Amino acid sequence: MRIATLDGIDAAPADEWNRLAGSGNPFLCHEFLAALEHNGCVGTQFGWLPRHLAAYDEHGRLVGAMPLYEKDNSYGEFVFDWAWADAYERNGLRYYPKLVTAIPYTPATGARLLVDPAAPAPEAVAAALVAQTLEYARAQALSSAHWLFTDRRDTGRLESQGLMLRLGCQFHWHNAGYRDFDDFLDTFSAQKRKKLRRERRRVGEAGVELRIIHGDDADEATLRTAHHFYHSTFDRKWGIPTLNLGFFTEVARTMGSRLVLVLAYENDRPVAGAICFRGDDTLYGRHWGCDVHHHSLHFEACYYQGIEYCIRHGLGHFEPGAQGEHKISRGFVPTPTWSAHWIAHPGFRDAIGDFLRRETPAMERYMQELTTHLPYKAPAGSGTGSTG
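Here we summarise the structure given alongside this text. Please read all numbers here as calculations on a predicted model, not as lab measurements.

## A short note on the sheet that holds strand 13 (residues 282–290)
Here 11 strands make up an open sheet; going across it, the order is 2-5-6-8-15-9-14-13-12-11-10 and the pairing mixed. In the strand order of this sheet, the two ends are held by strand 2 (48–50) and strand 10 (208–214), each with one partner. Neighbour to neighbour, the strand axes of the sheet diverge by 30° on average, direction disregarded. The pairing of strand 12 (residues 269–278) with strand 13 spans 7 bridges and is classified as antiparallel. Opposite isoleucine 275, over in strand 13, you have histidine 287 as the bridge partner. Of the strands in this sheet, strand 11 (259–266) and strand 12 touch helix 9 (residues 245–255), which is tilted by about 120° from strand 11. The sheet contacts of helix 11 (residues 346–371) involve strand 9 (164–174) and strand 15 (333–343), and relative to strand 9 the element is tilted by about 25°.

## Describing the packing of aromatic side chains
Remark: the centre distance and the inter-plane angle together describe each pair of aromatic rings, the angle taken between the planes. Per the stated rule, a full pass over the model turns up 24 aromatic pairs. Judged by centre distance (5.5 Å) and plane angle (65°), the ring pair of tryptophan 48 and tyrosine 105 falls under edge-to-face. Of this pair, tryptophan 48 sits in strand 2 while tyrosine 105 sits in the loop between strand 6 (98–101) and strand 7 (114–115), and the two are 57 residues apart along the sequence. In this structure tryptophan 48 comes out as buried when scored by relative accessible area, which is 0%. Aromatic rings pair up to connect Phe27, Phe32, Tyr230, Phe234, Phe247, Phe248, Phe277 and Tyr284 into one cluster.

## Regarding the packing of helix 3 (residues 82–90) against helix 11
As a packed pair, helix 3 and helix 11 sit with axes 12 Å apart at the nearest point and diverge in direction by 150°. Between helix 3 and helix 11 lies a crossing whose hand is right-handed. Residues Trp84, Ala87 and Tyr88 of helix 3 form the contact with helix 11, whose participating residues are Phe348, Ile352, Phe355 and Leu356. Of the residues in the contact of helix 3 with helix 11, the class split is 7 nonpolar, no polar and no charged.

## Digging into a nonpolar patch on the surface
A surface patch of nonpolar side chains, about 310 Å² in accessible area, is lined by Phe78, Phe80 and Trp82. Mapped onto the fold, tryptophan 82 is located in helix 3. Residue class for tryptophan 82 comes out partly exposed when judged on its relative accessible area of 45%.

## Focus on unusual backbone geometry
For the bond running from tyrosine 96 to proline 97, omega is 5°, close enough to zero to count as cis. Summarising the element assignment, proline 97 is placed in the loop between helix 3 and strand 6. The residue phenylalanine 78 is not glycine, and still its phi comes out positive at about 70°. Along the chain, phenylalanine 78 turns up in the loop between strand 5 (69–71) and helix 3. Its identity as a non-glycine residue notwithstanding, phenylalanine 149 has a phi of 55°, on the positive side.

## Description of the pairing of strand 8 (residues 144–148)
Burial of strand 8 is extensive: 5 of the 5 residues sit out of reach of the surface. The alternating pattern of strand 8 places Ser144, His146 and Leu148 and Ala145 and Trp147 on opposite faces, both of which are buried. One ladder, built from 3 bridges, connects strand 6 with strand 8; its direction is parallel. Across the sheet, the residue bridging to leucine 99 is alanine 145, located in strand 8. As judged from the 5 bridges shared by strand 8 and strand 15, these two strands associate in the antiparallel manner. Paired with alanine 145 across the strands is tryptophan 342, a residue of strand 15.

## With respect to the sheet that holds strand 3 (residues 52–56)
Backbone-to-backbone hydrogen bonds pair the strands of a sheet. The strands run either parallel or antiparallel. With respect to topology, 4 strands assemble into an open sheet ordered 1-3-4-7, the strand pairing being antiparallel. Of all the strands in the sheet, just strand 1 (2–6) and strand 7 have a single pairing partner and so form its edges. Relative to the sheet, helix 1 (residues 14–21) contacts strand 3, strand 4 (62–66) and strand 7, its axis offset from that of strand 4 by approximately 80°. Contacts between helix 4 (residues 122–139) and the sheet are confined to strand 1, strand 3, strand 4 and strand 7, with strand 4 contributing the most and set at about 40° to the helix.

What counts as what
- Residues numbered from 1 in each chain as written.
- Predicted model: local features only at pLDDT ≥ 70, side-chain atom pairs only at ≥ 80, totals over all residues.
- Heavy atoms only, no water.
- Pairing = 2+ DSSP bridges.
- Helix = DSSP H or I, 4+ residues; strand = E, 2+ residues; numbered from the N terminus.
- Axes fitted to C-alpha atoms, helices over the stretch in contact; angles between N-to-C directions.
- Contact = heavy atoms within 4.5 Å.
- Phe/Tyr/Trp six-rings, centres within 6.5 Å; stacked < 30°, edge-to-face > 60°.
- Buried < 20%, exposed > 50% of the residue type's maximum accessible area, 1.4 Å probe, protein only.
- Left-handed = near helix turned anticlockwise from the far one by under 90°.
- Nonpolar A, V, L, I, M, F, W, Y, C, P; charged D, E, K, R; others polar.
- Patch = residues over 30% accessible without salt bridge, like charges linked within 9 Å, V, L, I, M, F, W, Y side chains within 5 Å.
- Areas by Shrake-Rupley, 256 points an atom, 1.4 Å probe, with all protein chains shown as cover.
- Salt bridge = Lys/Arg side-chain N within 4 Å of Asp/Glu carboxyl O.

If you want it as structure tokens, here you go:
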């Protein structure tokens, strides 16, 4: 087996990369990663330097791949290690650069070790990708390597390689075969159901109309509008808007209906919008912005429209993004997320390992407590979103 380091995703043919990535997660596809690179959303400006791995068998066939970046900051990761970096600095050590296997600016769980299931020894390919990452980190004297938002299989693979696991929490919605939105609401307690319906009515009473537009139906003006709303949120919150109009234009063209825009109109004028991406069985909410503020419009555009979309299209899950305990009262269930970490410095490896051993049970207790605040008539079962 030969493993190459790619300084750009285009070094791997799109069809070969996508053969390994599959179609389940839109952020793993070649088109999404390429659009980030083509439009300068990653690279030296933002500190995400592509170092993707590609594993080839003896016939030159791609049998494994991994999105990998060398980073000089922790921005856009959503697994927060700022305290670790600060501790390094206070002890006269460098935390940056580091290696990160993740989808830039995208806190969505998915595969990270992309392996051809038809390979003679797929687990050996996965192990080789991890070993190559650590070898590169040691050779470049990097502080650490991190795999973020790993799915269950890759979490197990990384733990078996001796990496330290970190538990996080997001809030996801799960489709229990609902016929429509009212069928979903029927699982709520009366008080919670009344509150949510009132929120939806407020939007209609304000004269706001919601429209769903897929990427392959979005014209230039629509994409400019979506980008404007994306940018406006960062302007208000003093963030860094890394995704530009070129990125949205490219993914609309190359990913088509996997880009899902939820736009709000007042007197035919766009006033707010949410940007989502669609996988085979999951809708992912990513960004939101607005020019005017109407009561509950954020909840309608970012949550309720997404739930209705999943029900209408038969999608099993809706991941509306990171954080947000307010999602619980709207039917989103506390859901564990995982990351895996390798730390080069022995002393800091022990210290961080001790921190994670204490953090994990605290996070488990936190999620258990959150389940007591779900809006359902009876506590929602893990992974179902409702017990009816």
